[in-house]
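Each chain is listed here by its residues.
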Amino acid sequence: MKVLVVSPEAVPFAKTGGLADVAGVLPAIIKAQGIDTALILPLYRMVNREKFRLRKSLQTIDIPISDRIESASVWEGTTWNNVPVYFIEKEKYYNRDYLYSTPQSDYPDNAERFVFFSKAVLEVCKATKFRPDVIHCNDWQSALVPLYMKTLYRDDPFFKETSSVITIHNLGYQGIFWHYDMHLLGIGWEYFTPEGIEFYGKINFLKAGLIFSEVITTVSETYSKEIQTDEYGFGLDGVLRKRSRDLYGVINGIDYNEWNPSIDSNIKEPYG
């Protein structure tokens, strides 16, 4: 079995929040169960290529965006447990001081940046011949991957046996963009409906993942129930209730090798 973990951030390479901690450790834990695992994320400016001994692959991928083709390079590295990591290099999109926003505002081209990322994920699989049985997506930045698997790549034999899972880490962040960005996605307007990716007249990336993935998980059993309510559903509670049979709460874990007070050199006195 092969699993590809897709995340917009992962320790130790790039981090803004808790998603990076999970995405950085989970692939190694999956690998420890005897499962062939890989991780993929954008190659941001903050990723230290020399420190992590990244090497540039010979692979170049071409991604259609709107009415043009954008090319990207692929870099490779490993995590602490020798899990392969693929990085998508596109300076136009990712060579910036911050991942998603400046201290003032979100990047205005975030829709384009992560449309590109989601498409590139599938092209990297083909270029590297890593054929996953499961693609595990995380949050809105990778939520278009399940959509593309069911649309642009539905007849591609490479992904014939591939299923997708999406994990919601914080439902408040959904990747909502105006409908004029539909030309970037490369799919027809028939998907821009209340039953599809339309959300109060706008495009909702996370909603696409919730609709088109096989399984939805979130960070605890309690949270999986909370987000199905009007109070905590952020407008997607109806979608989540409709998919309640496929929605699971899996509590976040920690790496006990790192978070262990009995051996932690960063605290004054160890304790058990």
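This section reports on the structure supplied with the text. Owing to the predicted nature of the structure, the values given are computational and were not obtained by experimental measurement.

What follows covers the overall build of the protein chain. The number of helices and strands found in the protein chain is eight helices and twelve strands. The globule rule puts the C-alpha radius of gyration for 272 residues at 19 Å, and the 18 Å found for the protein chain is close to it. Along the three orthogonal principal directions, the C-alpha set of the protein chain runs to about 60 × 45 × 45 Å. The long-range share in the protein chain, meaning contacts at least 24 apart out of those at least 6 apart in sequence, stands at 68%. Just so you have it, the protein chain exposes about 13700 Å², and 51% of that area is on carbon and sulfur atoms.

What follows deals with the nonpolar core. Counting residues in hydrophobic clusters, the biggest one holds 85 residues, and the most contacted among them are F87, I88, F116, L185, F205 and L210. Top contributing element to this core by residue count: helix α3 (residues 110-128), with eleven residues. Apart from residues lying up to four places away in sequence, F87 is in contact with F13, L41, P42, L43, V47, L54, S73, V74, W75 and G77.

With mixed pairing, nine strands are arranged side by side in an open sheet as β3-β4-β5-β2-β1-β6-β7-β11-β12. Two strands in the sheet have a free side with no partner beyond their single neighbour: β3 (55-65) and β12 (247-249). On average, adjacent strands in this sheet sit at an angle of 25 degrees to one another, irrespective of strand direction. In this structure, strand β7 (residues 163-168) lies alongside strand β11 (residues 215-218), joined through four bridges in parallel fashion. Residue pairing for β11: I166 is matched across the bridge by I216. Most of the contacts of helix α1 (residues 18-32) go to strand β2 (residues 36-42), to which it runs at about 160 degrees, and overall it touches β1 (2-6), β2 and β6 (134-138). Strands in contact with helix α6 (residues 205-212) are β7 and β11; relative to β7, the strand with the most contacts, it is inclined by about 130 degrees.

If you check α1, its first and last C-alpha atoms are 22 Å apart, about what 15 residues at 1.5 Å a residue would give, namely 21 Å. Of all the bends in α1, the greatest reaches close to 30 degrees and is centred on L26; the proline P27 follows between one and four positions later. Along its buried surface, α1 packs onto β1, β2 and β6. One or two steps after α1, the chain reaches G34, where phi turns positive at roughly 90 degrees.

Right, let's get into unusual backbone geometry. With an omega of 5 degrees, the peptide bond between V11 and P12 qualifies as cis. Checked against the element boundaries, P12 lands in the loop between β1 and α1. With a phi close to 50 degrees, F234 is a non-glycine residue in the positive phi region. Looking at where F234 falls in the secondary structure, it is placed in the loop between α7 (221-226) and α8 (237-242).

As a further point, take the pattern of salt bridges. Counted under the stated rule, the structure contains 14 salt bridges. The partner of K15 in a salt bridge is D21, with the nearest N and O atoms 3.1 Å apart. For K90, the salt bridge goes to E70, with nearest N and O atoms at 2.9 Å. One end of the pair, K90, is in the loop between β5 (84-89) and α2 (91-94); the other, E70, is in strand β4 (residues 68-78), and 20 residues separate them in sequence. When salt bridges with common partners are traced through the structure, they connect R68, E70, K90, K92 and E112 into a single cluster.

What follows concerns α6. Within α6, seven of the eight residues are buried, leaving the element largely enclosed by the surrounding structure. Turning to α6, its buried residues number three or more, namely F205, L206, K207, A208, G209, L210 and F212. A distance of 3.1 Å separates the backbone nitrogen of L206 from a side-chain oxygen at the start of α6, and that oxygen is part of N204.

In this section: the state of the cysteines. Summed over the entire model, instances satisfying the criterion amount to zero disulfides. In this structure C125 is a free cysteine whose sulfur lies 9.9 Å from that of C137, the closest cysteine sulfur available. Residue class for C125 comes out buried when judged on its relative accessible area of 3%.

Rules behind the numbers
- Residues numbered from 1 in each chain as written.
- Predicted model: local features only at pLDDT ≥ 70, side-chain atom pairs only at ≥ 80, totals over all residues.
- Heavy atoms only, no water.
- Helix = DSSP H or I, 4+ residues; strand = E, 2+ residues; numbered from the N terminus.
- Rg over C-alpha atoms; globule rule 2.2 N^0.38 Å.
- Contact = heavy atoms within 4.5 Å.
- Areas by Shrake-Rupley, 256 points an atom, 1.4 Å probe, with all protein chains shown as cover.
- Core = buried A, V, L, I, M, F, W, Y, C linked by side-chain atoms within 4.5 Å.
- Buried < 20%, exposed > 50% of the residue type's maximum accessible area, 1.4 Å probe, protein only.
- Pairing = 2+ DSSP bridges.
- Axes fitted to C-alpha atoms, helices over the stretch in contact; angles between N-to-C directions.
- Expected span 1.5 Å × (residues − 1).
- Bend = angle between axes of the 7 residues up to and from the residue.
- Salt bridge = Lys/Arg side-chain N within 4 Å of Asp/Glu carboxyl O.
- Polar contact = N/O pair within 3.5 Å; in protein donor to acceptor, adjacent residues only side chain to side chain.
- Disulfide = S-S within 2.5 Å.

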